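If you want the building blocks of each chain, they are given just below.
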Amino acid sequence: MEPLRQWWDGLAARERRTLSLGSIALGVILFYFLVHQPVHDRSSRLEQDLLAQQELATYLQQARDEMRRLGGTSPAPGNGDGGQALFALADQSARQAGLGPVLRRVEPSGQRAARVNFERIAFDDLVRWLAALSEQHGITATVVTLRTGEHEGRVDAQLVLEAPES
């Protein structure tokens, strides 16, 4: 530290002032590019994500209202499931609706429920499939968890489906 102090003392007053101002300018530049700019960029991205989530929430609210309106109709008589287990019916109907490529898992969850996971499913296709399950079999989604993905209009979905009491 002493050699640095000697070097500093050996500088002319004008050189010390120039180095001091340069150090202050460098400090401001470093603060801007290392602290302020990354925080500002992250904040902007979070605001955009929040807006996208709010738009999705609005869309989901409208879809839920439409599903409730459609779900108010009674299931079609003779639903044709023939006593088939709910998880098997969910798997079969998803594949028949062309959702096989995005269907990741279907598993039973209790007596009258099944868990279904989709990856990168088109949201509109998911709503149509749920509406068809409700209309044809009286099956409702009691728990729906959606995450937006990289592609617009596609979501990762985890559902819990429940069959009506017999």
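We now turn to the structure provided with this report. Please read these numbers as outputs of a predicted model, since none were measured by experiment. Starting from 1, residues in each chain are numbered consecutively following that chain's sequence as written. Restriction of local features to residues with pLDDT of at least 70 applies here, the model being predicted, together with a cutoff of 80 or more for giving and counting side-chain atom pairs; totals for whole chains, interfaces and linings are based on all residues. The side-chain numbers reported here are obtained from all heavy atoms of the structure, hydrogens and water having been left aside.

A run of DSSP states H or I qualifies as a helix once it reaches four residues; a run of E qualifies as a strand once it reaches two. Both are numbered from the N-terminal end. The helix and strand inventory of the chain stands at four helices and four strands. What you see in the chain, going N to C, is helices and strands ordered as α-α-α-β-β-α-β-β. Based on C-alpha atoms, the radius of gyration is set beside the globule rule, defined as 2.2 Å times the residue count to the power 0.38. A compact globule built from 166 residues would reach a C-alpha radius of gyration of about 15 Å, whereas the chain, at 30 Å, exceeds it by more than 25%. Projected onto its principal axes, the C-alpha positions of the chain cover 100 × 30 × 25 Å. Only protein chains enter the area calculation, which uses a 1.4 Å probe; residues under 20% of their type maximum are buried, those over 50% are exposed, and those in between are partly exposed. Looking at the chain as a whole, 22% of its 166 residues qualify as buried. Residue contacts are defined here by distance: any two heavy atoms, one from each residue, within 4.5 Å place the two residues in contact. Taking contacts inside the chain between residues at least 6 apart in sequence as the whole, the part at least 24 apart equals 57%. Residues scored as charged are limited to Lys and Arg (positive) and Asp and Glu (negative), so that His and the chain ends carry no count. Charge placement uses NZ in Lys and CZ in Arg. For Asp and Glu, CG and CD serve respectively. In the chain, 18 side chains carry a positive charge and 21 a negative one; their mean positions are 5 Å apart.

Now for the packing of helix α3 (residues 86-96) against helix α4 (residues 123-137). For helices, the fitted axis covers only the stretch in contact; all axes are lines through C-alpha atoms, and the angles between them, taken along N-to-C directions, range from 0 to 180 degrees. At a minimum axis separation of 11 Å, α3 and α4 run at an interaxial angle of 125 degrees. When the interaxial angle is binned, α3 and α4 end up oblique. For the crossing formed where α3 meets α4, the hand is right-handed. Judged by residue contacts, L89, A90, S93 and A94 of α3 engage W129, L133 and H137 from α4. A per-class count over the contact of α3 with α4 returns five nonpolar, two polar and no charged. Throughout this description, any angle smaller than 35 degrees is read as roughly parallel, any larger than 145 degrees as roughly antiparallel, any in the 65 to 115 degree range as roughly perpendicular, and the remainder as oblique. Crossing chirality is assigned from the near helix's rotation relative to the far helix, an anticlockwise turn below a right angle marking it left-handed and a clockwise turn marking it right-handed. Put simply, Ala, Val, Leu, Ile, Met, Phe, Trp, Tyr, Cys and Pro go in the nonpolar bin, Asp, Glu, Lys and Arg in the charged bin, and everything else, Gly too, in the polar bin.

This paragraph deals with the packing of aromatic side chains. The criterion for an aromatic pair is that two Phe, Tyr or Trp rings (for Trp, the six-membered ring) have centres within 6.5 Å, with stacked assigned to planes under 30 degrees apart, edge-to-face to planes over 60 apart and tilted to the rest. Evaluation of the coordinates by the stated rule reveals four aromatic pairs. An angle of 55 degrees between the planes, with centres 6.5 Å apart, marks the rings of W7 and W8 as tilted. For W8, a relative accessible area of 26% translates into the label partly exposed. Here Y32 and F33 contribute two aromatic rings whose centre-to-centre distance is 5.0 Å and whose plane-to-plane angle is 85 degrees, an arrangement assigned as edge-to-face. A relative accessible area of 37% means that Y32 is categorised as partly exposed. Residue classification places F33 among the exposed residues on the basis of a relative accessible area of 53%.

In this structure, N117 sits in strand β2 (residues 113-122). Using a relative accessible area of 14% as the deciding quantity, one classes N117 as buried. Aside from chain neighbours lying at most four places away, what touches N117 is V102, L103, R104, R105, A157, Q158 and L159.

Strand pairing is defined by DSSP finding a minimum of two bridges between the two strands. Taken in spatial order, the four strands make up an open sheet running β1-β2-β4-β3, and their pairing is antiparallel. The sheet terminates laterally at β1 (103-108) and β3 (140-148), the two strands that pair on one side only. Mean inter-strand twist for the sheet, computed between neighbouring axes without regard to direction, equals 15 degrees. As paired elements, β2 and strand β4 (residues 154-162) share eight bridges and run antiparallel to each other. Note that in β4 the partner of A114 across the bridge is L161. Relative to the sheet, α3 contacts β1, β2 and β4, its axis offset from that of β1 by approximately 160 degrees.

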